[in-house]
Amino acid sequence: MRPPGTRRWRRTAAAVVVATAVATTGACASDGSGDGVTTLNFFQFKGEALEDFDAIIAAFEDENPDIRVVQNQVADADTIIRTLLVKGKAPDVITLNANGNFGRLAEAGVFHDFRGDPVLDTINPAVQTILTDLGTSGDEVNGLAYVNNANGVIYNAEIFEEQGLEVPTTWDELVAVCDALQEAGITPFYGTLADAWTTLPSFNGLGAYAAQDGFFDDLRAQGEDVGPDSPVSFEKDFADVLERQAQLFGYMQEGYRGRTYDDGNAAFASGDAAMLLQGIWALSPIKQANPDLRAEIFPYPSDAPDDRLLVSGVDVAVTVPKDGAHHEEAMRFVEFLFETRVVEEFAASQNMVPSVEGAQLSDDPALQSVKPYFDDGRLAGFVDHQIPPSIPLAAIDQQFLFDGDARSALATLDNEWRKVAARTIPVTED
Amino acid sequence: MAAQTPTAGVQAPPHEDTPRTRRPRRLAQSTFYWMVWPALILFAAFHTLPVLTGIFYSLTNYAGYGDWNFVGLANYGNLFGDDRVLQAYGFSFLFAIVATIVTNVISLAIAMGLNAKIVARNFFRGVYFVPYVLAILVIGYVFQFFFSSSLPKILSSWPLFRDNILTNETWAWTAIVVLAVWQACAFSIIIYLSGLQTIPRELYEAASLDGAKAWRQFRSITFPLISAFFTINVVLSLKSFLQVFDPIVALTNGGPGTSTESVTLLIFRGGFSGGEFAYQTANAVIFFVVITVVSLVQFRVLQRREADF
């Protein structure tokens, strides 16, 4: 038995916690229902997009005087949205980074089903598929892709022109380009192995080919039985991926093991290396260091030029909660967000690719270089979004690039997958 | 300590006939209750209750949100077969033992120095306490810069340091030891200093009259007389080094690979970003038991060798 005092204390403590959470997210913004103005609580995860959304909200409020939108930009949005949803205090409009966490929230059935909403038809289907692949509640569509990133090889177009090199379309061409650069005394890639996560872009780019044809669906179906003898496994299907990744890391500058992501961007910006195994997100720090640099992107090549796929993730996904109190107003705001000129302006400012069909990209050469892949729908999702976050993928990959033991790295991945499958005990309905 | 132990047989027979009348014990004034209750309630609310809640959740499959079921001891069973967990325990113990030894050797030496008659003694005492005041994460980033940028330039002829020791799978942990010891020494020095000040000066005078040199004085007087402080220091350091977290986050974040992943880092990562809340809570419960047992055993062993005086 608990003394009654403790219970009171606990209640007080809980109240304090809730009050703090509410205060930090501003979830209690007053409704203002008296004057017929609805206040929408807009949950926004992207710190660098704060001002862009302020501008969008101002324009929206001008057109819709009966709606007021309050932007709540929070750090660590993934954790906070989880607590808010569990407490039933879902914000009216939500933007999130579409990672594995988004997929699990969608599976939990907390988001609205967008099937049948006209706004869904305006979105590039290839991009929307990437979002749906992360996880949904049944057959529903639980989020809308807003802007996308591109994960590929960033290259210095000037160096390529000076050396008379073409953008490689096959794996062998890429190797040839690297050899040619090395002969010319230019470092092909700038490696940044000190930050474990910087191994992931190339793993995702190369792994996308191995993960085609429902690799992860099969892997999930096998669960605890994944191993060298199962129909699909990392040991079976990812050996080439690691081999090629190690080959690329063989073209890195001296001392790449000790350099960090920031070092890599600075070095690439000053022309110390011809290529960088990163994504579109690295362009903004590179441009800051050297605004005149002509950086463009090509996808990781496969064996045949026509097979090439660009790995892209939904950088900003928009969704609204299931049965929200202001659903109609929230949808008006969402539709406004997806208006072509709004998304165009936002994407250009954020260096991203808009998901709305027909929306134009900014004339940045890097974005223009990946445009055909979006137009043709030759896209693949991030491999690491399919791998449970409790598997230390970045650490395992980093370890492999340090010691070169591919067999052990793949066995570790299979082993971790098995263990996670074994200890993930599904919630049963009573 | 030893005086309290009753010797069997020589005690006076207990007055069993007057248990009720012989109790002049008056309860303390209510003021003292006012002092105790708030602390007790706060302790229960913010310590005991969360621990019990944690133990409860370790028996479920709660992901941190959504629905959950009661799963019995399944999480504990899975823990024992998880080689990543075992590796984390191995790292934590290796790290803690090395760091404890280094910390205590260094801080005892510094404490002796600070206790001697030296110029600007109070200034030095203040200086050595500074690391304890600074936030470890802030200092951690300074150290990280030092290890990854300064040291490779200073010791560029030494491959281990030139290639950034933090990314060396075999030796990265030593860099964490350096940071952890650097900070932990401040607190140990304070405890040793207070211990050293309990030793009467006359003992040393008498010893030096007998011709004992400094090392002999340390071995036969100083160390035995501060052994209680030694016990406290060793137990506390081992306990806090086992729970090492922020120096790792600041320096290597568990890398390269998972070679510097401590138990606490694993619990944090797996539980919060990995979405395995219940599983890692079970890990935390086991870790709590392990630390408690290790500390108690240490106390027992070390206290037995303490000098009685």
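Here the structure is a predicted model, which is why all the values come from computation and not from measurement. (Residues numbered from 1 in each chain as written. Chains lettered and ligands numbered in written order. Predicted model: local features only at pLDDT ≥ 70, side-chain atom pairs only at ≥ 80, totals over all residues. Heavy atoms only, no water.)

Asker: How do you make sense of empty space enclosed by the protein when you look at a structure like this?
Answerer: Unoccupied space between atoms shows up once a probe the size of one water molecule is rolled over them. All names here are of chain A. This structure, assessed with the given rule, holds three cavities of 30 Å³ or more. The volume enclosed by the largest cavity comes to roughly 80 Å³. In terms of lining, the largest cavity is formed by Y190, G191, T192, T198, F249, M252, Y261, G264, N265, L276, L277 and Q278. Tallied by class, the residues present in the lining of the largest cavity amount to six nonpolar, six polar and no charged. Reported here for the second largest cavity is a volume of approximately 40 Å³. As for the second largest cavity, its lining consists of F102, Q128, L131, T132, G135, T136, E140, V141, N142 and G143. (1 Å grid on protein atoms, 1.4 Å probe; cavity = no way out; pocket = protein on both sides within 12 Å on 5 of 7 lines; lining within 4 Å. Points joined across faces, edges and corners; volume = space filled by probe spheres on them. Nonpolar A, V, L, I, M, F, W, Y, C, P; charged D, E, K, R; others polar.)

Asker: Sorry if this is basic, but what is going on with the sheet that holds strand 4 (residues 144–148) of chain A here?
Answerer: Note: strands within a sheet are paired through backbone hydrogen bonds, in either parallel or antiparallel orientation. Residue and element names in this part refer to chain A. The six strands are arranged 2-1-3-10-4-11 in an open sheet whose pairing can be described as mixed. Of all the strands in the sheet, just strand 2 (67–73) and strand 11 (353–354) have a single pairing partner and so form its edges. Relative to strand 10 (residues 314–319), strand 4 is paired through four bridges, and the arrangement is antiparallel. Its bridge partner being in strand 10, L144 is matched across the sheet by V318. (Pairing = 2+ DSSP bridges. Helix = DSSP H or I, 4+ residues; strand = E, 2+ residues; numbered from the N terminus.)

Asker: How should I be thinking about the interface of chain A and chain B in this particular structure?
Answerer: Frequently, the measure chosen for interface size is the accessible area removed from exposure when the parts meet. The interface of chain A with chain B comprises 32 residues on the first partner and 33 residues on the second. When chain A packs against chain B, close to 2,700 Å² is buried across both sides, 56% of that on carbon and sulfur atoms. Counting across the interface, chain A meets chain B through four salt bridges. A salt bridge links R423 of chain A to E276 of chain B; its shortest N-O distance comes to 2.8 Å. At the surface where chain A touches chain B, the tally comes to 12 residue pairs in polar contact (both at pLDDT 80 or more). For the side of chain A that touches chain B, the elements supplying multiple residues, two or more each, are helix 1 (4–25), helix 3 (77–86), helix 4 (100–107), helix 17 (393–403) and helix 18 (406–423) of chain A. A class-by-class count of the residues in the side of chain A that touches chain B yields 14 nonpolar, seven polar and 11 charged. (Contact = heavy atoms within 4.5 Å. Buried area = accessible area lost by both parts, 1.4 Å probe. Salt bridge = Lys/Arg side-chain N within 4 Å of Asp/Glu carboxyl O. Polar contact = N/O pair within 3.5 Å; in protein donor to acceptor, adjacent residues only side chain to side chain.)

Asker: Where do I start with the pairing of strand 7 (residues 273–279) of chain A in this structure?
Answerer: All names here are of chain A. Across the seven residues that make up strand 7, a large majority, seven, are buried. Pairing between strand 6 (residues 187–189) and strand 7: two bridges, direction parallel. In the sheet register, F189 faces strand 7, and the bridge partner there is M275. (Buried < 20%, exposed > 50% of the residue type's maximum accessible area, 1.4 Å probe, protein only.)

Asker: What am I meant to see in the environment of G90 of chain B here?
Answerer: Residue and element names in this part refer to chain B. Along the chain, the position of G90 falls in helix 3 (residues 83–115). Given the relative accessible area of 39%, G90 is considered partly exposed. Separated by 171 residues in the primary sequence, G90 and E261 place their C-alpha atoms 9.6 Å from one another.

Asker: Can you help me understand the pairing of strand 1 (residues 38–44) of chain A in this one?
Answerer: A regular strand places its side chains on the two faces of the sheet in alternate fashion. Residue and element names in this part refer to chain A. Across the seven residues that make up strand 1, a large majority, seven, are buried. A two-sided burial pattern is seen for strand 1, the buried positions comprising T38, L40, F42 and Q44 on one face and T39, N41 and F43 on the other. Across seven bridges, the pairing between strand 1 and strand 2 is parallel. If you follow F42 over to strand 2, its bridge partner there is Q71. Taken together, strand 1, helix 2 (residues 50–63) and strand 2 constitute a β-α-β crossover, and its handedness is right-handed. (Right-handed = clockwise from strand over helix to strand, strands pointing away.)

Asker: Help me understand the nonpolar core, please; the structure alone is not making it clear to me.
Answerer: Soluble globular proteins: nonpolar side chains tend toward being buried together. Judged by nonpolar contacts, the single largest core of 82 residues is most densely connected at L96, Y146, F333 and F338 of chain A. Among residues more than four places away in sequence, those in contact with F338 of chain A are V119, I123, L144, A145, Y146, V318 and V356 of chain A. (Core = buried A, V, L, I, M, F, W, Y, C linked by side-chain atoms within 4.5 Å.)

Asker: Would you mind going over unusual backbone geometry with me for this structure?
Answerer: For residues other than glycine, phi is negative in most cases, and the peptide bonds are mostly trans. Backbone geometry places N351 of chain A, a non-glycine residue, at a positive phi of 60°. Mapped onto the elements of the fold, N351 of chain A is located in the loop between helix 15 (340–350) and strand 11.

Asker: Please explain the confidence of the model for chain B as it appears in this structure.
Answerer: Interpretation of this model should avoid reading the predicted coordinates in detail wherever pLDDT is low. All names here are of chain B. In the predicted model, chain B carries a mean pLDDT of 87, and 91% of its residues have values of at least 70. Mean pLDDT in chain B bottoms out at helix 6 (residues 159–162), which sits at 86, and peaks at helix 3, which reaches 95. Counting interchain partners and residues more than four positions distant, the pLDDT-below-50 stretch residues 1–13 has two contacts. (pLDDT = per-residue confidence, 0-100.)

Asker: Is there a simple way to explain the packing of helix 4 (residues 121–133) of chain B against helix 7 (residues 172–196) of chain B in this structure?
Answerer: Pairs of packed helices are described in terms of their axes, by the angle between the two and the distance that separates them. Residues and elements named next belong to chain B. Two numbers describe how helix 4 lies on helix 7: the axes approach to 6 Å, and their chain directions differ by 130°. For the element pair helix 4 / helix 7, the angle class is oblique. Relative to helix 7, helix 4 is oriented so that their crossing is left-handed. Between helix 4 and helix 7, the residues in contact are R125, Y128, F129, P131 and Y132 and W182, Q183, A186, F187, I189, I190 and L193, respectively. Considered class by class, the residues forming the contact of helix 4 with helix 7 number 10 nonpolar, one polar and one charged. (Axes fitted to C-alpha atoms, helices over the stretch in contact; angles between N-to-C directions. Parallel < 35°, antiparallel > 145°, perpendicular 65-115°, else oblique. Left-handed = near helix turned anticlockwise from the far one by under 90°.)

Asker: Where do I start with the environment of R259 of chain A in this structure?
Answerer: Topologically, R259 of chain A is positioned in the loop between helix 11 (239–249) and helix 12 (261–269). By relative accessible area, R259 of chain A is classed as partly exposed at 23%. Along the sequence, R259 of chain A and T122 of chain A sit 137 residues apart, while their C-alpha atoms lie 43 Å from each other. Beyond its immediate chain neighbours, meaning those up to four positions away, R259 of chain A contacts Y190, G191, T192, L193, A194, D195 and Q253 of chain A together with S148 of chain B.

Asker: Would you mind going over the pattern of salt bridges with me for this structure?
Answerer: For side chains of opposite charge, pairing can occur when their charged atoms come near one another. All names here are of chain A. Applying the stated rule across the entire model yields 23 salt bridges over all chains. Measuring nitrogen to oxygen at the nearest pair gives 3.4 Å for the salt bridge that ties E140 to K322. Of this pair, E140 sits in the loop between helix 5 (125–133) and strand 4 while K322 sits in the loop between strand 10 and helix 14 (327–337), placing them 182 residues apart in sequence. Owing to a relative accessible area of 15%, E140 belongs among the buried residues under this scheme.

Asker: What is the right way to look at the packing of aromatic side chains in this model?
Answerer: Each aromatic ring pair is summarised here by two numbers: the centre-to-centre distance and the angle between the ring planes. Residue and element names in this part refer to chain B. Under the defined criterion, the tally for this structure stands at 43 aromatic pairs over all chains. Consider the rings of Y57 and F277, whose centres lie 5.9 Å apart with planes at 70°: the pair is edge-to-face. Highlighted residues: Y57 in helix 1 (residues 30–57) and F277 in helix 13 (residues 277–304), separated in sequence by 220 residues. A relative accessible area of 21% means that Y57 is categorised as partly exposed. Take F277: its relative accessible area is 24%, and that puts it in the partly exposed class. Note on F91 and F95: the rings are 5.9 Å apart at their centroids and 25° apart in plane angle, and the pair reads as stacked. With a gap of four residues between them, F91 and F95 both fall in helix 3, about one helical turn apart. We classify F95 as buried; its relative accessible area is 0%. (Phe/Tyr/Trp six-rings, centres within 6.5 Å; stacked < 30°, edge-to-face > 60°.)

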